[in-house]
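Structural overview for review
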Amino acid sequence: MKAKSAVVTGGAGFLGSHLCDKLISEGMRVICLDNLLTGRVENIQHLIPNENFQFIKFDVTNYIHVPGKVDYVLHFASPASPIDYLKYPIQTLKVGSLGTHKVLGLAKEKNATFLLASTSEVYGDPLIHPQSEEYWGNVNPVGPRGVYDEAKRFAEALTMAYHRYHGLDTRIVRIFNTYGTRMRIDDGRALPAFISQALHGDDITVFGDGSQTRSFCYVGDLIDGIFKLLLSNEVMPVNIGNPNEITIEEFALEVIRLTNSKSKIVHQELPVDDPKVRQPDISRAREILGWEPKVSREEGLKRTLEYFKKSQK
Ligand code: UDP
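In what follows, the accompanying structure is described. (Residues numbered from 1 in each chain as written. Predicted model: local features only at pLDDT ≥ 70, side-chain atom pairs only at ≥ 80, totals over all residues. Heavy atoms only, no water.)

What follows concerns the site of the ligand. Looking at the ligand, there are 18 residues lining it, with Thr205, Phe207, Arg214, Asp274 and Arg278 nearest. Measuring from an oxygen atom of the ligand, one finds a backbone N or O atom of Ala190 at 2.9 Å. Out of a free accessible area of 510 Å², the ligand has 94% covered by protein chains. The set of elements that each furnish at least two residues to the shell around the ligand consists of helix 5 (190–200) and strand 8 (204–207). A breakdown of the residues in the shell around the ligand according to their chemical character gives 8 nonpolar, 4 polar and 6 charged. (Near = heavy atom within 4 Å. Polar contact = N/O pair within 3.5 Å; in protein donor to acceptor, adjacent residues only side chain to side chain. Areas by Shrake-Rupley, 256 points an atom, 1.4 Å probe, with all protein chains shown as cover. Helix = DSSP H or I, 4+ residues; strand = E, 2+ residues; numbered from the N terminus. Nonpolar A, V, L, I, M, F, W, Y, C, P; charged D, E, K, R; others polar.)

A separate point is the sheet that holds strand 11 (residues 238–240). Strand order in this open sheet of 7 strands is 3-2-1-4-5-6-11, and the pairing throughout is parallel. In the strand order of this sheet, the two ends are held by strand 3 (53–57) and strand 11, each with one partner. Each strand axis lies, on average, 20° off the axis of its neighbour in the sheet, ignoring direction. Each of strand 1 (5–9), strand 4 (72–75) and strand 5 (113–119) is contacted by helix 3 (residues 89–110), which is oriented at about 175° to strand 4, the strand it contacts most. (Pairing = 2+ DSSP bridges. Axes fitted to C-alpha atoms, helices over the stretch in contact; angles between N-to-C directions. Contact = heavy atoms within 4.5 Å.)

Within the fold, Ser232 resides in the loop between helix 6 (219–231) and strand 11. The residues touching Ser232, leaving out its near neighbours within four places in the chain, are Arg171 and Leu289. A distance of 3.2 Å separates a polar side-chain atom of Ser232 from the backbone nitrogen of Glu234.

What follows covers the state of the cysteines. In a disulfide, the sulfur atoms of two cysteines are covalently bonded to one another. Applying the stated criterion across every chain yields a total of 0 disulfides. The closest cysteine sulfur to the non-disulfide-bonded Cys20 is located on Cys32, 4.5 Å from its own sulfur. Among the cysteines around Cys217, which has no disulfide bond, Cys20 carries the closest sulfur, lying 19 Å off. Taking relative accessible area as the criterion, Cys217 reaches 0% and is therefore assigned buried. (Disulfide = S-S within 2.5 Å. Buried < 20%, exposed > 50% of the residue type's maximum accessible area, 1.4 Å probe, protein only.)

We now examine helix 9 (residues 297–312). Relative to the 22 Å expected for 16 residues at 1.5 Å per residue, helix 9 spans 22 Å between its end C-alpha atoms, a close match to the ideal helical length. Against strand 7 (178–179), helix 5, strand 10 (217–218), strand 12 (245–247) and helix 7 (248–259) lie the buried residues of helix 9. (Expected span 1.5 Å × (residues − 1).)

Next up on the list: the nonpolar core. Formed by 58 residues in total, the largest nonpolar core has its most connected members in Leu23, Leu74, Phe76 and Phe194. With 7 residues, helix 6 is the single largest residue contributor to this core. Residues in contact with Leu23, not counting those within four places in the same chain, are Ala6, Val8, Met28, Val30, Leu74, Phe227 and Leu230. (Core = buried A, V, L, I, M, F, W, Y, C linked by side-chain atoms within 4.5 Å.)

Interpretation in functional terms is not warranted from these geometric data alone.
Here it is in structure tokens:
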């Protein structure tokens, strides 16, 4: 049988590159499209010699032509850390709207299965806790985070329209906070910021009083869940994340302990519309995919710390 082919947009990013690795390891041929706005060639350098892998520097808000058969199209292109999407608000809105339209068009042309990387940000600053897929969310469309949240909400709506109107086979994964190797140390997220500050002995910048919560999933677990979703026949959105919730203050202390750092915590202003709580309800993923995360935060943080130490040398 001929190998399956996949197109991964944003394939040179943190999650996209891990996804390319997974698809290649499952025997697929992978075409990676990325305009390198926030992605990096070094994330996929090891795949470039592989004859089943092809990288094309490309902005997916433009018409996409890919020759030959394509079985899967996975849309992961987007700035994704708050600092990145505040720096590139228009690009974020464009890739979530125009980009999703073009990538869905490619999937339709190839009669491929389409998977959208959506986000827990569709729940905004949630009034329901933990967040299950039935919750419609609490998003401020005109706040600074709206550029990402609304782009992803639009992308979900467009995906469902292609499914309902064109009969396209689609999947939507709502990704909760994820960490691990290939995160950019300067992407502004709490985890790389805290690790970098702890390693340099700088103050650890906790925003607000640190009582806001997040639930961090190790990248390997996340990718396993996404792959299972891709091979399932579930069209409705599925949360993938780790339900183990922690306050940001406690998380900062955990990083200080892990790194044996002398850094002190300082408090800075809380960004506008920063969600106060976040924890995925993963009942659907458990039931439908038989998936749940396996890597503890302690183990995941150790692996990530090693990566940051090496990449700083
Ligand atoms: N945060 C922080 N210090 C930092 C970066 C982030 O206290 O240097 C907080 C941020 O305000 C949020 C949480 O940590 O409450 C997680 O932020 P992150 O940027 O990692 O992602 P988010 O979950 O907000 O998308």
